[in-house]
Amino acid sequence: MVLTIGDGAFTYNPVIPSYDASNAYELPLLIVVFNNRVYKSMNMNHRRFYPEGAAADTGEWLGTDLHRLPRLAAFAEPFGMHTETVDAPEALAPALERALKAVAEGTTAVVDVLVTR
Ligand SMILES: Cc1ncc(C[n+]2csc(CCOP(=O)(O)OP(=O)(O)O)c2C)c(N)n1
């Protein structure tokens, strides 16, 4: 089973209990995160509805700027899951191959893919 998800949706949803459920029900998943370090759809709404709001003044886009978050794959490590962080296009295929192998062997894998937009 494969889940593809953006970093905004990933951080908004109950990832930690879901990891526990994956282990408890022995349901290995391949999770691929498209990580652009922003909850962009919400950020665009802030800009659209409050173009002269406090955030426009301060540059502090609360709840939508995800730059400060630690490495997302790290949250899976205490659950014994396979983790990958991909920061170059050529690193993607080998990371997915390693992750698929882990899933085939029964371990959930989280591949955090850093994208630029
Ligand atoms: C299950 C579920 N939870 C929450 C939402 C609300 N929601 C809409 S878009 C979004 C996050 C979008 O951020 P990201 O996935 O990083 O995509 P981006 O906006 O950066 O393109 C969320 C949490 C939803 N649509 N569905």
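Data block above holds the structure.
Undergrad: Can you break down the site of the ligand residue by residue, with the values?
TA: Near the ligand, the surroundings consist of Gly6, Asp7, Gly8, Ala9, Tyr12, Asn13, Asn36, Val38, Tyr39, Lys40 and Ser41. Ser41 is positioned such that a nitrogen or oxygen atom in its backbone is 2.8 Å from an oxygen atom of the ligand. A total of 580 Å² of accessible area belongs to the ligand in isolation, and the protein chains cover 55% of it. Those elements giving two or more residues to the shell around the ligand turn out to be helix H1 (7-12) and helix H3 (40-49). Ranked by residue count, the leading element in the shell around the ligand is H1, at four residues. Grouping the amino acids of the shell around the ligand by side-chain chemistry returns four nonpolar, five polar and two charged.

Undergrad: Run through the sheet that holds strand E1 (residues 2-6), naming residues and quoting values.
TA: In space, the four strands of this open sheet follow the order E1-E2-E4-E3, with parallel pairing throughout. On the outer flanks of this sheet lie E1 and strand E3 (82-86), each paired with one strand and no other. Strand after strand, the sheet turns through a mean of 15° between neighbouring axes, direction not considered. By the bridge criterion, five bridges tie E1 to strand E2 (residues 30-35) in an arrangement that is parallel. Its bridge partner being in E2, Thr4 is matched across the sheet by Val32. The sheet strands contacting helix H5 (residues 89-104) are E2, E3 and strand E4 (109-114), and the helix crosses E3 at an angle near 170°.

The rules we used
Residues numbered from 1 in each chain as written. Predicted model: local features only at pLDDT ≥ 70, side-chain atom pairs only at ≥ 80, totals over all residues. Heavy atoms only, no water. Near = heavy atom within 4 Å. Polar contact = N/O pair within 3.5 Å; in protein donor to acceptor, adjacent residues only side chain to side chain. Areas by Shrake-Rupley, 256 points an atom, 1.4 Å probe, with all protein chains shown as cover. Helix = DSSP H or I, 4+ residues; strand = E, 2+ residues; numbered from the N terminus. Nonpolar A, V, L, I, M, F, W, Y, C, P; charged D, E, K, R; others polar. Pairing = 2+ DSSP bridges. Axes fitted to C-alpha atoms, helices over the stretch in contact; angles between N-to-C directions. Contact = heavy atoms within 4.5 Å.

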